[in-house]
Amino acid sequence: MEVAVPQRGRKRRKLMKRNAPVQIQEFPGLRERKKARLRQQIIDTAIRLFRKQGYERTRVDDIVKILEISQPTFFRYFPSKDAVLRDVGKLGFECIAEHLKSELSTKADTAERLQRLYHALALEVEADRPLWKAVVLSGAMDPVRSPEVRAVEGVAVSLLQEILAQGQKRGEITNAFPLVHLAEFMEALYHTVVRQWTVDLTGPHKLTERVDSAIEFFLRGVKP
């Protein structure tokens with residue numbers, strides 16, 4: 001038996017639907033956009049100065065003079081000039097992760113993957129030595145001094161473990177050590193070579209040669 005819905009009830013439901021809250025997509029306000037813009041300008045200006053006159057000679061005062069802002073304004077965005085480079089440090093680990101993902105999509109053996117991966121990374125650092133010297137001196141890629149990079153570093157180490165795990169299954173890498181240890185050794189070896197190269201102005205200036213030797217050393221040590 002069908003029950004007729006009172007006309008008044010129908011009108012009430014229509015009115016409720018009409019007056020229901022509308023989902024409004026929120027966009028950053030003008031103030032937030034201005035803050036984000038100034039933050040990026042501080043980073044860009046600092047990087048230009050690091051490249052031009054070196055990390056040690058660049059002061060916060062140099063950055064604020066160019067941007068025509070006060071030091072208190074600078075410190076509202078960054079606690080020090082070191083902190084300016086933490087975004088660069090994050091991008092560095094993200095770049096490593098992207099290279100690792102690219103290698104995982106290939107069918108090359110472990111040796112070829114690692115040699116190609118770290119040679120490509122070394123070329124990028126070699127092409128911008130003043131900036132990466134600043135990154136090293138600031139500790140921007142050091143997960144102890146810059147905890148913000150721990151998550152992205154963890155992603156890179158996990159991907160490296162995956163490459164090494166595939167190498168173990170193929171019989172190309174020893175099973176005598178835990179994968180996490182092998183990945184940490186490889187990452188530490190690479191970053192140690194980069195740190196030494198960026199600050200060593202008296203030795204050979206080819207980072208790629210140093211990195212290639214380091215990878216060969218690692219591969220010999222992890223043979224089954």
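Relevant structure appears above.
Not measured: the values here are computed from a predicted model.

1. Some points on the overall build of the protein
Here is step 1 of the chain: Broken down by element type, the protein carries 11 helices and zero strands.
Here is step 2 of the chain: Walking the protein from its N terminus toward its C terminus, one meets helices and strands in the order α-α-α-α-α-α-α-α-α-α-α.
Here is step 3 of the chain: Among the 224 residues that make up the protein, the fraction classed as buried is 41%.
Here is step 4 of the chain: Here the protein has roughly 14,100 Å² of accessible surface; of this, 55% comes from carbon and sulfur atoms.

2. Focus on the packing of helix H2 (residues 30–53) against helix H3 (residues 60–67)
Here is step 1 of the chain: Where H2 meets H3, the closest approach of the two axes is 10 Å, and the angle between their N-to-C directions is 120 degrees. In terms of axis orientation, H2 runs oblique to H3. When you trace H2 past H3, the crossing you get is right-handed. Contacts between H2 and H3 involve Gln41, Ile42, Thr45, Ala46, Leu49 and Gln53 on the former and, on the latter, Asp62, Ile63, Ile66 and Leu67.
Here is step 2 of the chain: Of the residues belonging to the contact of H2 with H3, the class tally is six nonpolar, three polar and one charged.

3. Section: helix H11 (residues 207–221)
Here is step 1 of the chain: The first and last C-alpha atoms of H11 sit 21 Å apart over 15 residues, in line with the 21 Å expected at 1.5 Å per residue.
Here is step 2 of the chain: Among the structural elements, helix H7 (110–126), helix H9 (150–169) and helix H10 (179–199) are those in contact with the buried residues of H11.

4. Quick word on unusual backbone geometry
Here is step 1 of the chain: Unlike most non-glycine residues, Glu68 shows phi in positive territory, near 60 degrees.
Here is step 2 of the chain: For Glu68, the position within the fold is in the loop between H3 and helix H4 (71–77).

5. Regarding the packing of aromatic side chains
Here is step 1 of the chain: In the structure shown here, the tally under the stated rule is four aromatic pairs.
Here is step 2 of the chain: An angle of 90 degrees between the planes, with centres 5.3 Å apart, marks the rings of Phe74 and Phe75 as edge-to-face.
Here is step 3 of the chain: Their ring planes at 45 degrees and their centres at 6.1 Å tell us that Phe74 and Phe78 sit as a pair that is tilted.
Here is step 4 of the chain: Accessibility expressed as a relative area gives 3% for Phe78, which makes it buried.
Here is step 5 of the chain: Taken together, the aromatic side chains of Phe74, Phe75 and Phe78 make up a single cluster linked through ring pairs.
Here is step 6 of the chain: Lys81 extends its terminal NZ or CZ atom over the ring of Tyr55, reaching a point 4.2 Å from the ring centre.
Here is step 7 of the chain: The ring centre of Trp197 lies 4.1 Å from the NZ or CZ of Arg129, which sits over that ring.

6. Side note on the packing of H7 against H10
Here is step 1 of the chain: As a packed pair, H7 and H10 sit with axes 12 Å apart at the nearest point and diverge in direction by 25 degrees. If you check the angle between H7 and H10, you find them roughly parallel. Crossing of H7 against H10: the hand is right-handed. Within the contact between the two elements, H7 uses Tyr118, Leu121, Ala122, Val125 and Glu126 and H10 uses Met186, Glu187, Tyr190, Val194 and Trp197.
Here is step 2 of the chain: Class assignment of the residues belonging to the contact of H7 with H10 gives a composition of eight nonpolar, no polar and two charged.

The rules behind these values
- Residues numbered from 1 in each chain as written.
- Predicted model: local features only at pLDDT ≥ 70, side-chain atom pairs only at ≥ 80, totals over all residues.
- Heavy atoms only, no water.
- Helix = DSSP H or I, 4+ residues; strand = E, 2+ residues; numbered from the N terminus.
- Buried < 20%, exposed > 50% of the residue type's maximum accessible area, 1.4 Å probe, protein only.
- Areas by Shrake-Rupley, 256 points an atom, 1.4 Å probe, with all protein chains shown as cover.
- Axes fitted to C-alpha atoms, helices over the stretch in contact; angles between N-to-C directions.
- Parallel < 35°, antiparallel > 145°, perpendicular 65-115°, else oblique.
- Left-handed = near helix turned anticlockwise from the far one by under 90°.
- Contact = heavy atoms within 4.5 Å.
- Nonpolar A, V, L, I, M, F, W, Y, C, P; charged D, E, K, R; others polar.
- Expected span 1.5 Å × (residues − 1).
- Phe/Tyr/Trp six-rings, centres within 6.5 Å; stacked < 30°, edge-to-face > 60°.
- Lys NZ or Arg CZ within 6 Å of the ring centre and 35° of its normal.

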